[in-house]
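Summary of the model geometry
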Amino acid sequence: MVQYTLNVCAASPAEGMGRIFLRQSPCGAFADVPPRSFSLENLHQAPQTLQHVSVLHPRTSSGYPVELSLVLNAKIPLCVNRAVLDIAEL
């Protein structure tokens, strides 16, 4: 299980959606997790806290460590004031 919390803000107003991807290396160690979408509106007025929980299902048991990271995708530059990524084995 992976849980993340991000405090995100933007320097300029924008419309549309941004997305958060959970990237894994090496690729394919876990089943793909769909990205989480979030609204870009109001991010310039105050930081927004984004939280999400995903359950990862292993595909292989190679015994090698797997690195997990978060990737933000948006049409405007974003500032992340705080990011927490918690991983728990169930």
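Look up a bit, the structure's there.
These lines cover the structure that appears in this document, whether it is placed above or below. Since we're looking at a predicted model, the values are computed, not measured.

Bringing the overall build of the chain into the picture now. A tally of regular secondary structure across the chain gives zero helices and six strands. Counted from the first residue to the last, the chain has its helices and strands arranged as β-β-β-β-β-β. If one aligns the C-alpha atoms of the chain with their principal axes, the spans along those axes are about 45 × 20 × 15 Å. Counting across all 90 residues of the chain, residues that qualify as buried make up 26%. Carbon and sulfur atoms provide 51% of the accessible area of the chain, an area that totals close to 6,000 Å². Looking at charge distribution, the chain has the averaged site of its 6 positive side-chain charges lying 4 Å from that of its 6 negative ones.

Now for the side chain of N7. As for its position among the elements, N7 is in strand β1 (residues 2–10). Looking at N7, its side chain comes within polar contact range of the side chain of T49, at 2.8 Å. Discounting residues that sit within four places of it in the chain, N7 has contacts with Q48, T49, C79, V80, N81 and R82.

What follows deals with the environment of L22. Position of L22 among the secondary structure elements: in strand β2 (residues 17–25). Measuring from C-alpha to C-alpha, the distance between L22 and D32 comes to 8.5 Å, with ten residues separating the pair along the chain. Each residue touching L22, except ones within four places of it in the same chain, is listed here: V2, V33, L56, L68, S69 and L70.

Calculation notes
- Residues numbered from 1 in each chain as written.
- Predicted model: local features only at pLDDT ≥ 70, side-chain atom pairs only at ≥ 80, totals over all residues.
- Heavy atoms only, no water.
- Helix = DSSP H or I, 4+ residues; strand = E, 2+ residues; numbered from the N terminus.
- Buried < 20%, exposed > 50% of the residue type's maximum accessible area, 1.4 Å probe, protein only.
- Areas by Shrake-Rupley, 256 points an atom, 1.4 Å probe, with all protein chains shown as cover.
- Lys, Arg positive; Asp, Glu negative; His and termini not counted.
- Charge placed at Lys NZ, Arg CZ, Asp CG, Glu CD.
- Polar contact = N/O pair within 3.5 Å; in protein donor to acceptor, adjacent residues only side chain to side chain.
- Contact = heavy atoms within 4.5 Å.

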